[in-house]
Amino acid sequence: MCGIIGYLGTQPAAEIVLGGLKRLEHLGYDSAGLATVADGQLHVRRAVGRLDGLAEALAAEPAPGTLGIGHTRWATHGRPSQENAHPHVDAAGRIALVHNGVIENHAAIRSFLEGQGVRFRSETDTESLAQLIGFFYSQTGDLLGSVRGALREARGTFGIAVACADAADTLIAARRGSPLIIGTGRDELIVASDAAALVGRVSQVTHLEDNEVVLLGPGGLRAVTVDAKPIEKQLEPLEASLEEASLGGYAHHMQKEIFEQPDALRNAMRGRVRPGADRVTLGGLKSFERELPRFRRALLFGCGTSWHAALIGEYLLEELAGISTEVEYASELRYRNPLIQEGTVAIALSQSGETADTIAALREVQSRGAVTLGIVNGVGSTIARETDAGVYLHAGPEIGVASTKAFTAQIAVLAMIALDLGRRRHLSPERTAELIDELAAIPEKVTKALELDGQAKRLAQRLVDRQNWLYLGRGVNFPTALEGALKLKEVSYVHAEGLPAAEMKHGPLAMIDAGMPVIVIAPQDRTYEKVLANIREVKSREGRVIAVASEGDERIAELADEVLFVPRTSPLLAPLVATIPLQLLSYHAALARGHDVDKPRNLAKSVTE
Ligand code: M6R
């Protein structure tokens, strides 16, 4: 996903657009650009690389005006270059456009326009849309009509903001499949692809739905469909605060978000989990009160870290709720032939709520009659709006590309859902109350686990030259191992693999050589003795074992080369604490290698296309 912003107000637009782009940089960071409108002209500045390049271009040649659009790019069509950076401008130089998404029929549009004598300048799909709007506009002079006309021709997905050299007081935005939020402030209107760009400037927002086009102008906000039917948009308060979106004294968002986990977990459980109670209260499922006991099968899906959380959910739902559970990569589910029987609840997991594969999988299972729930952090996001019901994470904005606090919040929410469903079936009040007490104690235990920061840092520095790592776990900690490996890969670019510890003998053991770091998650649960045997296997091949173990476990201290001790908890909740040292280790491993942890190479925060 790329970051988009558009500003219309009374302040210098370039400054505000650049400030907004800084807050969106985690969504794309290989090139950036902006266009303002003043004196009947477009003023376009673009630069390859991080936003500093664009800031320098603006310092050298300021862009005047109080209307502007901007974009920070994560390249999909066309390499990162100045020509491919947004905004794209039509041949007559009257229309500028920033775009998130993919115009699937761009080749056909391009060939039609080239046939009309239009000259293209970039390799992007986006330029075809800018040129098509410009082509219609040159014939009609009707800006809104030209945008709608072009969008009716376009296939694929878009979130766009459009500026016109002839209209210094009019900004147009539209959406199909790519998120856009409009914020209203004092004397200003802002459109952005993510609420992070609006925080601190506006207090009220409205989310665009698919095929909606809004015209922002002196009269405020006017919305119509692509087919010109008027729409009433409701404004709602913007929940995120400036403090949440800033670094607040931490060096990186990833670090801040790791350390925010005790609070994020408290927020995820607030009003839902009460120590001493024998039921959880999930307001988001209230409308489902009657269906809940009828679910016989759960189908969980998501991507990346959300998929790992779903795998943990499988253990929780089977163990606590007694519901047969399957977990799918959303990217695979959407192209399969999923069989949805009566009594199936399909649960979409997503931090952003905007991941394209997860949205597509959701729509696929809905079209087959599944009842759907969302476990989502992004308030008002597409998945939150399109699922039948759901439970928000309330973890606060997650900006670091590596997901951390959303992962533990997802596990907490899955545990609450499993307890809720379980209690409506066979789970006794005593067992439920015991687990509720354990859940309520988790934030404190996570705080304790965060004290491992210094040890994780020293360890990461000692292992800085190791290029292959293994992560092993069993049962509910197998997904914890997968997540540990993913965190390391994405921020430190070190090869890491997560495995169920028992699978080692079936092949991967051959990879172990002297000094290879093998991270073993080994709480004292029913798989403990087996995991100790796995550690011996690794040790006898000279692997270097780093165990994540329960406080006070002396046996493991004798076997492993190093132990990261975490507080004890119920075996099913162990991933909530075991994951903390793994996150810290990845963070410090990336720093030790000199990487930008918040913006790892080739990645963006959300994959919306
Ligand atoms: O926003 P989502 O949870 O849907 O995102 C899914 C994945 O793209 C995401 O978890 C990704 O794997 C993270 N970078 C992992 O840290």
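This text follows the structure it describes.
Small disclaimer: the values here were computed from a predicted structure and weren't measured.

Novice: Before we go on, may I ask you to explain the sheet that holds strand S6 (residues 95-100) in this structure?
Specialist: Backbone-to-backbone hydrogen bonds join strands into a sheet, with any given pair of strands oriented parallel or antiparallel. Strand order in the open sheet made by the seven strands is S5-S6-S7-S8-S12-S13-S14, with antiparallel pairing throughout. Two strands in the sheet have a free side with no partner beyond their single neighbour: strand S5 (88-89) and strand S14 (230-231). Bridge count for strand S8 (residues 167-176) against strand S12 (residues 212-217) is five bridges, and the pairing is antiparallel. Looking at the pairing, Ile172 lines up with Leu215 of S12. Sheet contacts for helix H4 (residues 126-140): S5, S6 and strand S7 (158-164); angle to S6, the most-contacted strand, approximately 145°. Packed onto the sheet, helix H5 (residues 143-153) meets S6, S7, S8, S12 and strand S13 (220-225) and runs at close to 20° relative to S8.

Novice: I would appreciate a short explanation of the packing of helix H14 (residues 429-449) against helix H19 (residues 574-592) in the present structure.
Specialist: Two quantities define a packed helix pair, namely the angle between the axes and the distance from one axis to the other. Interaxial distance between H14 and H19 falls to 9 Å at its minimum, and their mutual angle equals 25°. Comparing their axes, H19 and H14 come out roughly parallel. H19 is crossed by H14, and the crossing has right-handed handedness. For the pair H14 and H19, the contacting residues are Leu439, Ile442, Lys445, Val446 and Ala449 in the first and Leu576, Val577, Ile580 and Leu584 in the second. Among the residues making up the contact of H14 with H19, the classes are represented as eight nonpolar, no polar and one charged.

Novice: Sorry if this is basic, but what is going on with the pattern of salt bridges here?
Specialist: Once their charged atoms are close, side chains differing in charge can pair, the charge on each being opposite to the other. In total, this model carries 34 salt bridges according to the counting rule given. Glu25 is the salt-bridge partner of Lys599, the closest N and O atoms lying 4.0 Å from each other. Here Lys599, found in the segment after H19, pairs with Glu25, found in the loop between helix H1 (13-24) and strand S2 (31-38); they are 574 residues apart in sequence, far enough to count as distant. Judged by relative accessible area, Lys599 falls into the buried class, the value being 17%. A residue is classified by how much of its surface remains accessible, and Glu25, at 10% relative accessible area, is buried.

Novice: Explanation requested: the sheet that holds strand S20 (residues 389-392) in the structure shown.
Specialist: The five strands are arranged S17-S16-S18-S19-S20 in an open sheet whose pairing can be described as parallel. The outermost strands of the open sheet, each flanked by one partner alone, are strand S17 (324-329) and S20. Taking the axes of each pair of neighbouring strands and ignoring which way they run, one obtains an average angle of 20° across the sheet. Summarising the sheet, strand S19 (residues 371-376) and S20 pair through four bridges and their orientation is parallel.

Novice: Would you take a moment to explain the packing of helix H9 (residues 304-321) against helix H13 (residues 405-423) for this structure?
Specialist: Relative to each other, H9 and H13 sit at 25°, their axes nearing to 9 Å. By the angle between their axes, H9 is roughly parallel relative to H13. For H9 against H13, the interelement crossing comes out right-handed. Residue-level contacts link Thr305, Ser306, His308, Ala309, Ala310, Ile312, Gly313, Leu316, Leu317, Leu320 and Ala321 of H9 to Phe407, Gln410, Ile411, Leu414, Ala415, Ala418, Leu419, Leu421 and Gly422 of H13. Tallied by class, the residues present in the contact of H9 with H13 amount to 14 nonpolar, six polar and no charged.

Novice: For this particular structure, what's the right way to read helix H17 (residues 528-540)?
Specialist: Quick reminder: α-helices carry 3.6 residues per turn. Residues three or four places apart thus point the same way. Helix length check: H17, at 13 residues, gives a terminal C-alpha distance of 19 Å against a target of 18 Å (1.5 Å per residue), a fit within 8%. Within H17, burial applies to Tyr528, Val531, Leu532, Asn534, Ile535, Glu537 and Val538. Tucked inside the fold, the buried residues of H17 contact strand S21 (468-473), strand S23 (517-522), strand S24 (544-550) and helix H18 (554-559). Phi turns positive, to about 70°, at Glu542, one or two residues after H17.

Novice: Could you clarify how one ought to interpret the site of the ligand in this entry?
Specialist: Around the ligand sit 13 residues in total, of which Ser306, Ser350, Ser352, Thr355 and Glu490 are the nearest. Contacts to the ligand include Ser352, whose side-chain N or O atom sits 2.7 Å from an oxygen atom. A distance of 2.4 Å separates an oxygen atom of the ligand from a polar atom in the side chain of Thr355. In isolation the ligand has 410 Å² of accessible area, and contact with the protein removes 90% of it.

Criteria and thresholds
- Residues numbered from 1 in each chain as written.
- Predicted model: local features only at pLDDT ≥ 70, side-chain atom pairs only at ≥ 80, totals over all residues.
- Heavy atoms only, no water.
- Pairing = 2+ DSSP bridges.
- Helix = DSSP H or I, 4+ residues; strand = E, 2+ residues; numbered from the N terminus.
- Contact = heavy atoms within 4.5 Å.
- Axes fitted to C-alpha atoms, helices over the stretch in contact; angles between N-to-C directions.
- Parallel < 35°, antiparallel > 145°, perpendicular 65-115°, else oblique.
- Left-handed = near helix turned anticlockwise from the far one by under 90°.
- Nonpolar A, V, L, I, M, F, W, Y, C, P; charged D, E, K, R; others polar.
- Salt bridge = Lys/Arg side-chain N within 4 Å of Asp/Glu carboxyl O.
- Buried < 20%, exposed > 50% of the residue type's maximum accessible area, 1.4 Å probe, protein only.
- Expected span 1.5 Å × (residues − 1).
- Near = heavy atom within 4 Å.
- Polar contact = N/O pair within 3.5 Å; in protein donor to acceptor, adjacent residues only side chain to side chain.
- Areas by Shrake-Rupley, 256 points an atom, 1.4 Å probe, with all protein chains shown as cover.

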